[in-house]
Amino acid sequence: MASIALLGYGTVGSGVYEILTKNKETISKKTGKDITVKRILDLREFKGTPVENIVVHDINVILEDDDIEVVVEAMGGDEPAYTYAMAALKKGKSYCTSNKVLVANHGPELLKVAKENNCNFLFEASVGGGIPIIRPINHSLTPEEILEIDGILNGTTNYILTRMNKEGLPYSEILKDAQALGFAEKDPTADVEGFDACRKIAILTSLAYGKNVKFEDIHTEGITKISNEDFKYAEAMNKGVKLLARSWREDGKQYAIVAPYMVGEDCPLSFVSGVINAILVKGNMLGDAMFYGSGAGSLPTASAVVSDIVEAVKNKGNHVPVLWEDEVVKVCDHAEIVSNFFVRVSDTVSKDDVKKTFSDVSFCEGVVPSEYAFVASGIKEGDFYEKVKVFDAKQILRVM
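Residues numbered from 1 in each chain as written. Predicted model: local features only at pLDDT ≥ 70, side-chain atom pairs only at ≥ 80, totals over all residues. Heavy atoms only, no water.

**Thoughts on the environment of Tyr 9**
At step 1: Tracing the backbone through its elements, the reader meets Tyr 9 in the loop between strand E1 (2–7) and helix H1 (11–22).
At step 2: Given a relative accessible area of 15%, Tyr 9 falls into the buried group.
At step 3: When the C-alpha positions of Tyr 9 and Glu 216 are compared, they lie 30 Å apart, and in sequence the two are 207 residues distant.
At step 4: With residues up to four places along the chain from it excluded, the contact list for Tyr 9 reads Ser 14, Tyr 17, Ile 40, Asp 42, Arg 44, Phe 46 and Val 51. (Helix = DSSP H or I, 4+ residues; strand = E, 2+ residues; numbered from the N terminus. Buried < 20%, exposed > 50% of the residue type's maximum accessible area, 1.4 Å probe, protein only. Contact = heavy atoms within 4.5 Å.)

**Considering the sheet that holds strand E6 (residues 121–122)**
At step 1: A sheet is described by the order of its strands in space; here 6 strands give the open sequence E3-E2-E1-E4-E5-E6, paired in parallel fashion. Each having just a single partner strand, strand E3 (55–56) and E6 make up the two edges of the open sheet.
At step 2: On top of the sheet, helix H13 (residues 298–314) reaches E1, strand E2 (35–41), strand E4 (68–73), strand E5 (94–97) and E6; it is set at about 160 degrees to E4, its chief contact. (Pairing = 2+ DSSP bridges. Axes fitted to C-alpha atoms, helices over the stretch in contact; angles between N-to-C directions.)

**Quick word on unusual backbone geometry**
At step 1: Each neighbour pair has its own omega, and for Glu 79 with Pro 80 the value is 10 degrees, a cis peptide bond.
At step 2: Mapped onto the elements, Pro 80 comes out in the loop between E4 and helix H4 (81–90).
At step 3: With a phi angle near 60 degrees, Phe 46 is a residue other than glycine that sits in the positive phi range.
At step 4: Within the secondary structure, Phe 46 sits in the loop between E2 and E3.
At step 5: One non-glycine residue, Asp 251, adopts positive backbone phi at about 55 degrees.
At step 6: Relative to the elements of secondary structure, Asp 251 occurs in the loop between strand E9 (239–250) and strand E10 (253–264).
At step 7: A residue is classified by how much of its surface remains accessible, and Asp 251, at 74% relative accessible area, is exposed.

Right, here's the structure in full:
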């Protein structure tokens, strides 16, 4: 038998308990051991529930219990998660988490401590919710030189953009619906401003290349300025609007960006709708591989956490190597990225002036009264933003 402890019994923590209980027989067969939740750390009591007798309020009860071999954290945030993770790993207890803030901030350090103490720091659920992506990068894609990662990594923003596209409702109204349905937090900033997706692409990039990419270095934009008029243009151009997290290497340099993109139907990410997430990985031998599924929610995220628990139990006393060194790889300034740009301007703006300013340009007209749009292709972002100033743009989006 393997005993574990849960830190937090909220949405994800309760989901982990439910899966371990309902699928106990299946998990036992695949693991070779019965997995039992011995302790739950939470501020609440949960009187009258099946877990009331295993709830504790002091982390030391868990840390000092030699029977507990895996600590599962479902609290979120940097602290006290970091302190708990360090303490558990130093005790030789494997640590499984869905906490992307913890992983993005301290991944290399916690992996190093896990190695030193012959246990594991596992975080499958930290990027794609229920989508398996960390383990495939670490194992299945080991033979590949990963060239590019493009992803829809936030279900909240994808839900909002999908409904704006299909129903023509304004951003603010759909955000309220998303909050009422539990798809968006009371404070949605991390999601709608792109910060959540930024942390996730930083984690994926670090794992893909084995060096530490800091999320603070990645240029990030959100969806709060997207309007229904943008979707009218997108439809006229046979495209959709998606918040993409992108990472690639070119000429020995590392690039990464999070921003809204107009995405054409030739890209499989254009068909990803609702709260679904998808990650497109390009390898130099495999080509494109897409990972698609539920990117959030209690049971999908908990399923990924349980997969880590199984991995930890099967590898008790054996550290599973993960290549993520603490050497920082500097991400190039986004001004150096060559992009295609969609720009909306007033119809008083001279098309001849636009043509003179941008060497490769196409126009889209007759979509919204008193304005038109143009696409400037193949231009460095720094040069583009300097040149576009004179046109007093109503909207600027990148085009993939």
